[in-house]
Structures are given as structure tokens and as C-alpha cells.
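# Observations on the model geometry
The chain contents come next:
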Amino acid sequence: MSPARRRGRRPAAPGRPRLAHWRADGQAKARYRSEAEADRAAFSFRLEHGTELHAYPCDFCGGWHLGNPPAD
């Protein structure tokens, strides 16, 4: 385990790789433990803000994040 993780800090945002893990402002996206938890958060966000989001797995942290729906 890395020293940063042991102290509870998130790793620094990378330059460009793993963009799915980071927001545009450089902060890490909210991490959800399961797809169901992320889906519930997306539903709440849609009700509160009217914005459609979808859950997707993150290869970087092993959790789930919310993002824009894929383009059709």
C-alpha cells in the first residue's frame, strides 16, 4: 500500500491518463462501492438537478463513478 493511501489521501491527479477517474477541475470523482449504489446516486441527481448521468466501473480505483451518458 502506498504511503498516500495509508494516510487516507488520494493520489495526485495524473496529467492525462485515466480521465474517467478525475473531474475537469482536477478533483477525484465521487467513488461508489457498487453499481447499485452509483445507480441510486444517478437517480437522485436526475431528480434534484434534471441531469442524466450513468454509472460506470473505474479501472483506476476499482469503484464506480457517474458520468455523462454515452453518445448513441
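The rules behind each value
Residues numbered from 1 in each chain as written. Predicted model: local features only at pLDDT ≥ 70, side-chain atom pairs only at ≥ 80, totals over all residues. Heavy atoms only, no water. Salt bridge = Lys/Arg side-chain N within 4 Å of Asp/Glu carboxyl O. Buried < 20%, exposed > 50% of the residue type's maximum accessible area, 1.4 Å probe, protein only. Pairing = 2+ DSSP bridges. Helix = DSSP H or I, 4+ residues; strand = E, 2+ residues; numbered from the N terminus. pLDDT = per-residue confidence, 0-100. Contact = heavy atoms within 4.5 Å.

## As for the pattern of salt bridges
One pass over the full model with this rule turns up 2 salt bridges. Across the salt bridge formed by Asp25 and Arg23, the nearest N and O atoms sit 2.6 Å from each other. According to the relative accessible area criterion, Arg23 is partly exposed, its value standing at 41%. With a closest N to O distance of 3.1 Å, Glu52 and Arg46 form a salt bridge. We classify Arg46 as partly exposed; its relative accessible area is 30%.

## Comments concerning the pairing of strand 1 (residues 54-57)
Here 4 bridges tie strand 1 to strand 2 (residues 64-67), and the two strands are oriented antiparallel to one another. Its bridge partner lying in strand 2, Ala55 is registered against Leu66. Hairpin geometry of strand 1 and strand 2 is characterised by an intervening segment of 6 residues between the two adjacent antiparallel strands and by a positive phi of about 80° at Gly62.

## Some thoughts on the confidence of the model for the chain
Confidence along the chain averages 79 in pLDDT terms, with 72% of residues attaining 70 or more. Confidence, expressed as mean pLDDT per element, reaches its minimum in the chain at helix 1 (residues 3-6) with 47 and its maximum at helix 2 (residues 35-49) with 96. Predicted confidence is poor over residues 1-7, with pLDDT under 50, and the contacts of this stretch with residues over four places away or in other chains come to 2 contacts.

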